[in-house]
Amino acid sequence: MAWIGALGAVTVAGVGAAAGFVGLVTGALPLDVGVGRRTRPLGPQSVDIAAPREVVFDVIAQPYLGRATRAMREKVTVLERGSDMVLAAHRTPVAGGRLAATTVETVRFTRPERVDFRLVRGPVPAVTESFTLTERESGTRLVYKGELATDLWRAGQWWGGLVAPRWEATVATSLAAVRQEAERRSRLR
């Protein structure tokens, strides 16, 4: 009979560990202890866009400062809006779409050359990112750079190694969507 109690304790511990992992992955249970902090770069990623810089900036800013499309409203919710900065929740499918990670970030706009992101809540303690827009003869170069930080020394470094590739893949998808929409709008002008 003692084994039943031990089995129950192991089951509770396993369920608790699984719930903690899901909470960490989805950003519902952020872990920010400020001990053993390690940082790693994100990017750079760049994309050349055959559209004027103002158009590219408007495409990036629209879900935050303007009227978001229905598809973008499913991904981004503006929680608070100021004149040059918003607080927004971003939803990203994880675990094959079975879960959604929600990050909360500040987004600051410096028209027309820069958009900065700073993580407030998510699967890691800190992320800072920037989209820099540079005019070129053929249109605009959009460059993404960032930094991701984790806590707890090697354990955090391991976790950052899991999170960073997914984070960068999400950014690459966003850059491709910005390029497609900016070039579409530029052709309509």
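Before reading further, recall that the structure is shown in the block above.
Residues numbered from 1 in each chain as written. Predicted model: local features only at pLDDT ≥ 70, side-chain atom pairs only at ≥ 80, totals over all residues. Heavy atoms only, no water.

**So, helix 4 (residues 153-188)**
Taking 1.5 Å of rise per residue, 36 residues should cover 52 Å, and helix 4 covers 51 Å from first to last C-alpha, within 8% of that figure. Of all bends in helix 4, the biggest is about 25°, found at Val163, and the proline Pro165 comes one to four residues later. Along helix 4, the residues classified as buried are Gly156, Trp159, Gly160, Val163, Ala164, Trp167, Val171, Leu175, Val178, Ala182 and Glu183. (Helix = DSSP H or I, 4+ residues; strand = E, 2+ residues; numbered from the N terminus. Expected span 1.5 Å × (residues − 1). Bend = angle between axes of the 7 residues up to and from the residue. Buried < 20%, exposed > 50% of the residue type's maximum accessible area, 1.4 Å probe, protein only.)

**As for helix 2 (residues 53-65)**
Spanning 13 residues, helix 2 covers 17 Å between terminal C-alpha atoms, matching the ideal 18 Å at 1.5 Å per step. At Val59, helix 2 shows its largest kink, close to 35°, and the proline Pro63 lies no more than four residues downstream. Among all positions in helix 2, only Arg53, Val55, Val56, Phe57, Val59, Ile60, Ala61, Pro63 and Tyr64 are buried.

**Some details on the environment of Leu152**
Secondary-structure assignment places Leu152 in the loop between strand 7 (139-150) and helix 4. With 117 residues separating them in the primary sequence, Leu152 and Val35 have C-alpha atoms 5.8 Å apart.

**Some thoughts on the nonpolar core**
Counting residues in each nonpolar core, the largest one holds 34 residues, and the members touching the most others are Phe131 and Leu142. Counting residues per element, this core draws most heavily on helix 4, which supplies eight residues. Not counting the four nearest positions on each side in its chain, Leu142 is found in contact with Gln45, Ser46, Val47, Ile49, Ile60, Phe131, Thr132, Leu133, Leu175 and Val178. (Core = buried A, V, L, I, M, F, W, Y, C linked by side-chain atoms within 4.5 Å. Contact = heavy atoms within 4.5 Å.)

**Considering unusual backbone geometry**
Of note, the amide linkage connecting Gly43 to Pro44 takes the cis form, showing an omega dihedral of 5°. Mapping Pro44 onto the fold places it in strand 1 (residues 38-49). Between Arg111 and Pro112 the backbone carries a cis peptide bond, its omega angle lying at -5°. Relative to the assigned elements, Pro112 resides in the loop between strand 4 (99-110) and strand 5 (114-121). Look at Leu152: it is not a glycine, yet its phi comes out positive at around 75°. At Trp153, a residue that is not glycine, the phi angle is positive and equals roughly 50°.

Worth remembering: the numbers are spatial, not functional.
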